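Here's the letter readout for the chains.
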Amino acid sequence: DAKTTQPNSMESNEEEPVHLPCNHSTISGTDYIHWYRQLPSQGPEYVIHGLTSNVNNRMASLAIAEDRKSSTLILHRATLRDAAVYYCILRDILGSARQLTFGSGTQLTVLP
Amino acid sequence: DTEVTQTPKHLVMGMTNKKSLKCEQHMGHRAMYWYKQKAKKPPELMFVYSYEKLSINESVPSRFSPECPNSSLLNLHLHALQPEDSALYLCASSRTGNSNQPQHFGDGTRLSIL
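It should be emphasised that the depicted structure is a prediction, and the values quoted were computed from it without experimental measurement.

Rules behind the numbers
Residues numbered from 1 in each chain as written. Chains lettered and ligands numbered in written order. Predicted model: local features only at pLDDT ≥ 70, side-chain atom pairs only at ≥ 80, totals over all residues. Heavy atoms only, no water. Helix = DSSP H or I, 4+ residues; strand = E, 2+ residues; numbered from the N terminus. Rg over C-alpha atoms; globule rule 2.2 N^0.38 Å. Buried < 20%, exposed > 50% of the residue type's maximum accessible area, 1.4 Å probe, protein only. Contact = heavy atoms within 4.5 Å. Areas by Shrake-Rupley, 256 points an atom, 1.4 Å probe, with all protein chains shown as cover. 1 Å grid on protein atoms, 1.4 Å probe; cavity = no way out; pocket = protein on both sides within 12 Å on 5 of 7 lines; lining within 4 Å. Points joined across faces, edges and corners; volume = space filled by probe spheres on them. Buried area = accessible area lost by both parts, 1.4 Å probe. Salt bridge = Lys/Arg side-chain N within 4 Å of Asp/Glu carboxyl O. Polar contact = N/O pair within 3.5 Å; in protein donor to acceptor, adjacent residues only side chain to side chain. Nonpolar A, V, L, I, M, F, W, Y, C, P; charged D, E, K, R; others polar. Pairing = 2+ DSSP bridges.

It is worth spelling out the overall build of chain A at this point. Across its full length, chain A carries zero helices and nine strands. Relative to a compact globule of 112 residues, whose C-alpha radius of gyration would be 13 Å, chain A shows 13 Å and is just as compact. Each of the three principal axes of chain A carries a C-alpha extent, and together these read 40 × 30 × 25 Å. Burial analysis of chain A (112 residues in total) assigns 45% to the buried set. Restricting the contact set of chain A to residue pairs at least 6 apart, pairs at least 24 apart contribute 58%. As displayed, chain A has an accessible area near 5500 Å², and 48% of this comes from carbon and sulfur atoms.

By volume, the largest pocket amounts to about 550 Å³. If you trace the largest pocket, you find 21 residues lining it, with V85 and Q107 of chain A together with Q37, K40 and K41 of chain B closest to the centre. Contributions of two or more residues to the lining of the largest pocket are made by β8 (84–92) and β9 (106–111) of chain A. It is β8 of chain A that contributes the most residues to the lining of the largest pocket, three residues altogether.

Before going further, it helps to examine the interface of chain A and chain B. Taken together, the contacts link 20 residues of chain A with 23 residues of chain B. Carbon and sulfur atoms make up 53% of the area that chain A and chain B hide from each other, which totals about 1700 Å². Applying the counting criterion to the chain A and chain B interface returns zero salt bridges. Remark: the boundary between chain A and chain B carries four residue pairs in polar contact (both at pLDDT 80 or more).

A word on empty space enclosed by the protein. Residue and element names in this part refer to chain B. Considering all chains together, one arrives at one cavity of 30 Å³ or more under this definition. Here the largest cavity defines a volume of roughly 30 Å³. Every residue along the wall of the largest cavity is listed here: H29, R30, A31, M32, Y49, Y51, E52, C68 and S71. Across the lining of the largest cavity, the residue classes tally to five nonpolar, two polar and two charged.

On to unusual backbone geometry. The amide bond that connects T7 of chain B to the next residue, P8 of chain B, takes the cis arrangement and shows omega of -10 degrees. Here P8 of chain B lies in the loop between β1 (4–7) and β2 (10–13). Despite not being glycine, E15 of chain A shows a phi value in the positive range, around 70 degrees. Looking at the element boundaries, E15 of chain A is found in the loop between β1 (9–13) and β2 (18–23).

All right, on to the sheet that holds β2 of chain A then. All names here are of chain A. Strand order in the open sheet formed by four strands is β2-β7-β6-β5, with antiparallel pairing between adjacent strands. Each edge of the sheet is formed by a strand with only one pairing partner; in this case those strands are β2 and β5 (55–56). Strand direction decides the pairing type here: β2 and strand β7 (residues 70–75), joined by six bridges, are antiparallel. Looking at β7, one finds that C22 is bridged to S71.

See the structure below:
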């Protein structure tokens, strides 16, 4: 899987939107962009994934740059429960590997 | 609460003990995974089972022995572990091994080796 680069940490105020960036300049045409998060003392949790178009679900939105070399996970109204490590991961739909290769992720702190 | 259940939640064992970690899912998923996570680090893949057959072993030492008795269960048998094996062990499952499908994780077993 190609590499991703994320800031080590970010802070947000409660009830405000949060934009978590991810750079993936070596992305290939068959790489999907996946986001997972890991709350304290829990296993990772799937958030969202996409290929080219922006995606929305009940948890978040994913904005993908036109050249696909970067993406942004958007939490529309951060809550204290959103404090977690957020992982941006590329997964090749044509690859034989089926695992997730986690990068170091972004530690999100939500301030009350 | 997750749909992947791991037991026990905590385990303390000596280096000469034999123990097993268990993982169960009833979502009909046919791919199951073991990950190891050290403190303040991301999870790292250990094993992948697809349709109850071992398909990926990421060069894990033989003191870790996985087993998939049926499509709902995944075990990790431990023997003669070292202190550096202390970590959070995570189990995950996905509908198939297709890399575009989300993986569902349990909350892990926190293992301490004395």
